[in-house]
Amino acid sequence: MVRRRFIGSAALFGIAGIFGFTKRPKEKPLLHHVFFWLKNPDSEADKQKLISGLQTLKAIPTIREIHIGVLASTEKRDVVDTSWDVSELMFFDDEAGQKIYQDHPIHQAFVKNCSPLWQKVLVYDAIDV
C-alpha cells in the first residue's frame, strides 16, 4: 500500500514537472560586478581594509554569492584592463534583491567606512540571458 502511494505520488510529481506546474516563474539573476581603484594603490594596508570591508557584505541575505578578487597574473593583452586594484562580483536572484542590498545598513556602513580608500569605482550590472 505504501509503495503504491509512493509510486502514484512520484508519477504525479513527474507529470507536474513535465508541464511546469512545480516550477515558479523566476526573474533572471542579476550580476553586480564592481571595480575599485585605491587612492594609495601601493598601500597593502588600504587594500586589506577594503577587502575586509567587502567581506562584511556577505551578511546581507539577498547576496547569493560573492567573490572578492585582486588582479590575476595572467597574460598581458590589449583587451585586459589591469588598472584596478580590488573587485567584487555578486550574484542576486533578481533586481529586487540587488535593491535591498543597495539600501541595506551593512552596505551603507561599508560605503561610509571604505569610500575614503578609493579614488574611483566602476560598476557593471548585468541580467542573465
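Residues numbered from 1 in each chain as written. Predicted model: local features only at pLDDT ≥ 70, side-chain atom pairs only at ≥ 80, totals over all residues. Heavy atoms only, no water.

Student: Would you mind showing me how to read the nonpolar core here?
Tutor: For soluble globular proteins, the rule of thumb is that nonpolar side chains tend to be buried together. Within the largest apolar cluster, 19 residues are counted, with the highest numbers of intra-cluster contacts made by Phe36, Leu50, Leu57, Ile63 and Phe110. Counting only elements with at least two residues in this core, the list comes to strand E1 (30–38), helix H2 (44–56), strand E2 (63–70), strand E3 (86–92) and helix H4 (105–114). Here this core gets 4 residues from one element, more than from any other, and that element is E1. Aside from chain neighbours lying at most four places away, what touches Phe36 is Leu50, Leu54, Trp84, Asp85, Val86, Ser87, Glu88, Phe110, Trp118, Lys120 and Val121. (Core = buried A, V, L, I, M, F, W, Y, C linked by side-chain atoms within 4.5 Å. Buried < 20%, exposed > 50% of the residue type's maximum accessible area, 1.4 Å probe, protein only. Helix = DSSP H or I, 4+ residues; strand = E, 2+ residues; numbered from the N terminus. Contact = heavy atoms within 4.5 Å.)

Student: Hey, could you run me through the sheet that holds E2 in this one?
Tutor: Hydrogen bonding along the main chain pairs the strands of a sheet, whether they run parallel or antiparallel. Spatial ordering of the open sheet is given by E2-E3-E1-E4, a layout of 4 strands whose pairing is antiparallel. Of all strands in the sheet, those with a lone pairing partner are E2 and strand E4 (118–127), marking the two edges. Averaged over all pairs of adjacent strands, the angle between strand axes in this sheet comes to 15 degrees, irrespective of strand direction. Of the pairings in the sheet, the one linking E2 to E3 comprises 7 bridges and is antiparallel in character. Within E3, the residue paired with Ile68 across the bridge is Glu88. (Pairing = 2+ DSSP bridges. Axes fitted to C-alpha atoms, helices over the stretch in contact; angles between N-to-C directions.)

Student: Explanation requested: the packing of aromatic side chains in the structure shown.
Tutor: Scanning the entire structure with this criterion turns up 6 aromatic pairs. Ring centres 6.0 Å apart and planes at 80 degrees place the aromatic pair Phe35 and Tyr124 in the edge-to-face group. You can see Phe35 sitting in strand E1 and its partner Tyr124 sitting in strand E4, a full 89 residues away along the chain. Judged by relative accessible area, which is 14%, Phe35 ranks as buried. Looking at Tyr124, the relative accessible area reads 48%, which means it is partly exposed. Centroid distance Phe92 to Tyr101: 5.3 Å. Interplanar angle 45 degrees. Geometry classified as tilted. Looking at Phe92, the relative accessible area reads 1%, which means it is buried. One aromatic cluster is present, formed by Phe35, Trp84 and Tyr124 through successive ring pairs. The ring of Trp37 carries Lys120 above its face, with NZ or CZ at 4.3 Å from the centroid. (Phe/Tyr/Trp six-rings, centres within 6.5 Å; stacked < 30°, edge-to-face > 60°. Lys NZ or Arg CZ within 6 Å of the ring centre and 35° of its normal.)

Student: Would you explain the environment of Thr56 in this entry?
Tutor: Inspection of the secondary structure puts Thr56 in helix H2. Taking relative accessible area as the criterion, Thr56 reaches 40% and is therefore assigned partly exposed. Counting along the chain gives 51 residues from Thr56 to His107, while the straight-line C-alpha distance between them is 8.3 Å.

Student: Quick question: what am I supposed to make of the pattern of salt bridges here?
Tutor: Any two side chains of opposite charge can pair, given that their charged atoms come close. Summed over the entire model, instances satisfying the criterion amount to 2 salt bridges. Note that Lys99 is salt-bridged to Asp103, the shortest N-O span being 2.8 Å. You can see Lys99 and its partner Asp103 sitting in helix H3 (residues 95–103), 4 residues apart, about one turn around the helix. (Salt bridge = Lys/Arg side-chain N within 4 Å of Asp/Glu carboxyl O.)

In short, geometric facts, not functional conclusions.
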